[in-house]
Each structure stands twice: as C-alpha cells, then as structure tokens.
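The chain contents come next:
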Amino acid sequence: MSDRLESAIEPVDAETAAAYVDSDAVVAVSGFGAVGYPKALPLALADDDRELELTIISGGSVGKEIDTALVEAGAVARRYPYQSRSAARTAVNDGTIAYQDRFISAVGDEVALGSLPEPDIAIVEAVAVGDGWFVPSLSIGHTAAYVRAASTLIIEVNSSIPREIGQFHDIYERALPPNRKPIPLEHPADRIGETRIQFDPDVLLAVVETETADDPYSFREPSATDREIAANLATFLEAELERCSIFDDRIALQFGVGSLGNALMGALSAIDFGERDVYYYGEVFQDGLLEMIENGTLEGASATSFALSAAGQQRLFDDIDQYSDSVVLRTAALSNSPALIDRFGVVGINSAVEVDLYGHANSTHVSGSRVLNGVGGSGDFNRNSPLTITTLPSRHETETSCLVPMCPHVDHTEHDISVVITEQGVADLRGSSPRERSRLLIEQCAHPQFVDDLETYLERSEVSGGHIPHHLESAFSWQS
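Since this is a predicted model, take the numbers as computed values, not measurements.

**Quick notes on the overall build of the protein**
(1) Moving on: Counting its regular elements, the protein contains 17 helices and 25 strands.
(2) Moving on: For the protein, the C-alpha radius of gyration of 23 Å lies close to 23 Å, the compact-globule estimate for 480 residues.
(3) Moving on: Expressed as a percentage of the 480 residues in the protein, the buried residues total 57%.
(4) Moving on: If you take every contact in the protein between residues at least 6 apart in sequence, the share linking residues at least 24 apart comes to 75%.
(5) Moving on: Carbon and sulfur atoms make up 45% of the accessible area of the protein, which totals about 18,800 Å².
(6) Moving on: Considering the protein, the positive charge centre built from 32 side chains and the negative charge centre built from 75 side chains are found 4 Å apart.

Written out as structure tokens, the structure is:
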C-alpha cells in the first residue's frame, strides 16, 4: 500500500484515530450513493467506551458502518441530510436521532455558511494521500466542501479500490456568495477541475489504512410493472423528442437511484435518438449506464457517485481507461446544480411514494409521517428541469393506491411535476388546470381497482367548489 501513501504522516490504526474525535463532535464524512464513505474509523467509534453524541453530516447515503453500527451503538444524536439504512430510519422515526432532510445541491454551501452545524472534523475515504492532497474514492459528493469547512481531518486510504479511479474525478470548487462566478462548464461531460482535493497539511490529524470494500448495490430483476413503466416512458420520450425543439441536437437525462431507476435506463435502448448526442447528467452512475457507454448510446455521463452492483463495479474496475474517456465524477454542488440542470436542459426522471390527484408528489414519508430515506436530489431536478417526469407503480405491493386524493406530505408541488407515468399510462399535466389534472391522472395512471373510488372522491370534493377541490373530511381516509 506504500504507493498510496505519499504523506509524511505515519498511518495509525482506527482505534488510535478514534481518540481524536470528541464525544460530541460534529463529524462530516465523505460518501454518496452508499459508496466512498469511511469504514474503519466509524466501526472503531461504535466500539468506543465513551458515551458519544455525534452529529453526522454526509453528502448522501452511506453504508452500514455509519448508519447501522454507529446508530445501534447509540453514538449518533443528529443526522444530515440523508439516510437509507433501517437502523437509522428507525432511530429517526422514534425520535432517537434528530434528523433534517435537505435538498442535496445546497448542503455544502449550508455547511460553509453556517446554516448547518460547523464540522469539528472531516473523516474521508481516499485511494491515495500526499502532503496537502488526497484522491477521493468512488464518490465525490460534498467532500471538498466539508474538508474546507472542518477544523481537522482524518483520511482513510482504501486499498480495495484501484488508485486509477481518480481518472474519473473532476473536482471544481466554487467561491461562496457573493463572490461566486458562473460555472464554466459548456457540455455535460466536459472537465474543468482537478483529480484530487487539496487541504491544509496542518489540519491532518491521522491517516488510517483499510481494505474494506463498499457493500455493492443489489438491483432486483425488473418486474412486469417496471417493464411496463419503462415502455411507457420510452414511448413518451420518443414523442417528446419530435415535439420539443430543445432536444433537436442533444438530450441529457437524469434517473433516481434504485432498482426502478436502473430498470428505466434500460428503456433508453429502445428509443431512436437519431443523430442526437445523448448524455446522462445526474447524481449516481448505475449499472444500466455501463452498457449504454459500451454500445455507444451515451456520448458521456456525469455523476457524483458510482452506485454499482458487484458485477458492475468489477466491470468498471477492469476497464477504467475505457470508461474514464466518457464518464466524469463531480462534486454534488455541480452534479445537482440548478444552473447546470437548467443550462443542459436535463430531463429529470424520479420516483415517488405517491402522487395526488392534483399532481403533488410525496417521495419521502409513508402516511405523511414515517420517513423512508430522504428527498435527496429529486428536488434539485424536479424544480429546475425543463421536463420533470415522476414514475411509480399505480399500486403498492400492499395493494393500496399510489394515486391518492391528497398527499399527506408534499416534497414536490404541482408546479414541479410535468408528467406522471405508471404502468397504466402517461399523464402529461403541462398546461392543465387542477380539475383537468385530476381527470388525466385517474384516466391515465390509476390502477383499475381504485378508479371508481377516486372518481367518487372527485365528485364529492367538487360539490364544495374551489380552484383545487377537496373533501377534507375524507381526503386522508385512504391512508388508513
């Protein structure tokens, strides 16, 4: 591992490094898409004899070492801005952990400007470290911003990841407002930054060596419902390519992370893009994009994290040189930048827990109360894309409707959503009034099992009138 350690500081074990973390520290960690996060040090902290009350700030989702082991040890008191493990989710929902869900794009700024707690220490994963620099591993996220904001730094150097992974990195840091200038990025897969993150050598407390790999993603096989949603998406996009002039020369697409998002990427192979350049511009690079890079469907891809299965990760590692010609990893401030989403005309394709009759979407809370993971970057894309598509099944596995009279929690308002797609069909909501939207959603997207009940609700609500008619006494009865 000596070729990865070019720093004058001698490595220490994780237990020694854990002593540098105060019991009530605000800890900023690397990690996004459940990869690229520190592993050895969080486990050492979970085994620490002290009573810890840590505040954990990550870029996005992290692994079990942080959101399971640390949580089950009772060491986490507060969490930002996203979590995706059952232990963390349970602790958040029972109030053991104070949690605030945030849009991803702005979290780095919020830390730097004091809107979120100032980090006492940043703990990050790297594939190499030198005097005043390190090369991040499989994700970038907000790592650079956290290192800049933290008083001290510990670096874990992970030998399970090829050092050459740095070929993907394009780390561009912006000045804070009011001195911020436009981002000089003209095309989705261009490079404008560095392959490593610089830091003040005086803040480095310790270097820890590890060989622990990230837990790979496990994507389920696409279901019949997934395939029908994907087919409806492909049909809609093909028509939109012909209709909308902003896609005449180029189209950029973003998909939410997860099995449905990965399945939807497969729909792109069925689309005739003609002579257009096709790009992926989003948060996470998933397995579905590897094939598209290899067969030439994609001109390039930009993300902030490699969220791959074990097979997909090995495929990437085996041919880094090939993929690095067209794949870029950026900071989350750029992968989710409202300005760049708008500049590149990115089509945002995300899922939801439920959508209501007027086009509001809930993507985070079951029954309006119990948080699942977090809003993540869906808000960045839904709010800033010229075309926003919400995909979801018409019916949950519990045989309850995903189209409801009124969302008990709203992450994305009617103003954020252009199109809703289920396995039943496509509801293009653009230019329609609330009453028209409700009819479109029932006719095109509702499961047949619930059509009559939804129509009965509409009839009852329209008696009282209003721009957005509701019968509040029965609006949430669907939740029970």
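Moving on, there is more to tell.
**As for the pattern of salt bridges**
(1) Moving on: One pass over the structure, following the stated rule, counts 20 salt bridges.
(2) Moving on: The closest approach of N and O atoms between Glu125 and Lys39, which form a salt bridge, is 2.6 Å. Of this pair, Glu125 sits in strand E6 (residues 121-130) while Lys39 sits in the loop between strand E2 (26-29) and helix H2 (40-46), and the two are 86 residues apart along the sequence.
(3) Moving on: The buried category is assigned to Lys39, whose relative accessible area is 1%.
(4) Moving on: When salt bridges that share partners are traced, they join Glu240, Arg243, Asp428 and Arg430 into one network.

**Section: the sheet that holds strand E23 (residues 403-404)**
(1) Moving on: Strand order in the open sheet formed by three strands is E19-E18-E23, with mixed pairing between adjacent strands. Each having just a single partner strand, strand E19 (361-362) and E23 make up the two edges of the open sheet.
(2) Moving on: When strand E18 (residues 354-356) meets E19, the two strands line up antiparallel, connected through two bridges. Opposite Glu354, over in E19, you have Asn362 as the bridge partner.

**Section: a negative patch on the surface**
(1) Moving on: There is a patch of like negative charges on the surface, built from Asp3, Glu164, Asp318, Asp319, Asp321 and Asp325.
(2) Moving on: Inspection of the secondary structure puts Glu164 in the loop between strand E8 (152-158) and strand E9 (197-198).
(3) Moving on: Note on Glu164: relative accessible area 44%, which makes it partly exposed.

**What about the packing of aromatic side chains?**
(1) Moving on: This structure, assessed with the given rule, holds four aromatic pairs.
(2) Moving on: Where Phe168 meets Phe306, the ring centres are 4.9 Å apart and the plane angle is 75°; that geometry is what we call edge-to-face. With a gap of 138 residues between them, Phe168 in the loop between E8 and E9 and Phe306 in strand E15 (residues 305-306) connect regions that are remote in the sequence.
(3) Moving on: A relative accessible area of 0% means that Phe168 is categorised as buried.
(4) Moving on: On the basis of relative accessibility, which here comes to 1%, the residue Phe306 falls in the buried class.
(5) Moving on: With centroids separated by 5.3 Å and ring planes inclined at 65°, the aromatic side chains of Tyr281 and Phe344 adopt a geometry described as edge-to-face. Within this pair, whereas Tyr281 is found in strand E12 (residues 277-281), its partner Phe344 is found in the loop between helix H13 (338-343) and strand E17 (347-351), the two being separated by 63 residues in sequence.

**Overview of helix H4 (residues 86-93)**
(1) Moving on: Every buried residue of H4 is accounted for by Ala87, Ala88, Ala91 and Val92. The buried residues of H4 occupy an angular sector of 130° when projected down its axis, which confines them to one face.
(2) Moving on: Buried positions along H4 lie against helix H3 (64-72), strand E5 (98-99) and strand E21 (370-371).
(3) Moving on: At the C-terminal side of H4, Gly95 shows a positive phi close to 85°.

**A few points about the pairing of E2**
(1) Moving on: Residues Val26 and Ala28 line one face of E2 and the alternating positions Val27 and Val29 line the opposite face, and both faces are buried.
(2) Moving on: As paired elements, E2 and strand E3 (residues 54-57) share three bridges and run parallel to each other. Among the inter-strand pairings, Ala28 is bridged to a residue of E3, identified as Ile57.
(3) Moving on: Remark: the E2/H2/E3 crossover connection has right-handed handedness.
(4) Moving on: As paired strands, E2 and E6 are joined by three bridges and run parallel to one another. Counterpart to Ala28 in the pairing with E6 is Ala122.

**Some details on unusual backbone geometry**
(1) Moving on: Cis geometry is found at the peptide bond from Tyr80 to Pro81, where omega equals -20°.
(2) Moving on: Inspection of the secondary structure puts Pro81 in the loop between strand E4 (76-80) and H4.
(3) Moving on: Note the cis peptide between Pro177 and Pro178, where omega equals 5°.
(4) Moving on: Along the polypeptide, Pro178 turns up in the loop between E8 and E9.
(5) Moving on: Of note, the phi angle at Ala34 is positive, near 65°, even though the residue is not glycine.
(6) Moving on: Here Ala34 lies in the loop between E2 and H2.
(7) Moving on: The phi torsion at Ser367 lies on the positive side, around 55°, for a residue other than glycine.
(8) Moving on: With respect to the secondary-structure elements, Ser367 resides in the loop between strand E20 (365-366) and E21.

So, how was this worked out
For every chain, the first residue of the written sequence is number 1, and numbering continues from 1 onward in sequence order. Side-chain atom pairs in this predicted model are given and counted only at pLDDT of 80 or more, local residue features only at pLDDT of at least 70, and totals for whole chains, interfaces and linings cover all residues. As a convention, hydrogens and water are excluded, and side-chain values are obtained from all of the structure's heavy atoms. Strands here mean DSSP runs of E at least two residues long; helices mean DSSP runs of H or I at least four residues long; both are numbered from the N terminus. For the radius of gyration, the atom set is restricted to C-alpha positions; the globular benchmark scales as 2.2 Å times the number of residues to the power 0.38. Only protein chains enter the calculation, and the probe is 1.4 Å; a residue is then buried if its accessible area is under 20% of its type maximum, exposed if over 50%, and partly exposed in between. Here, residues are in contact when the closest pair of their heavy atoms is within 4.5 Å. Every accessible area reported is derived by Shrake-Rupley at a probe size of 1.4 Å, with residue values counting cover from the shown protein chains alone. For the purpose of charge, His is not counted, nor are the chain termini; Lys and Arg are scored as positive and Asp and Glu as negative. Note on charges: their place is set at NZ of Lys, CZ of Arg, CG of Asp or CD of Glu. Salt-bridge detection follows one rule: a side-chain nitrogen of Lys or Arg within 4 Å of a carboxyl oxygen of Asp or Glu. Only strands joined by at least two bridges in the DSSP assignment are considered to pair. Patch definition: residues with relative accessible area over 30% and no salt bridge; like charges joined within 9 Å; nonpolar side chains (Val, Leu, Ile, Met, Phe, Trp, Tyr) joined within 5 Å. Note on aromatic contacts: the rings of Phe and Tyr and the six-membered ring of Trp form a pair at centre separations within 6.5 Å, being stacked when their planes are under 30 degrees apart, edge-to-face when over 60 apart, and tilted otherwise. An arc is given here, and it is the one of the directions from the helix axis to the C-beta atoms. Crossover handedness is defined here as right-handed if the route from the first strand over the helix to the second strand goes clockwise, with the strands pointing away from the viewer.

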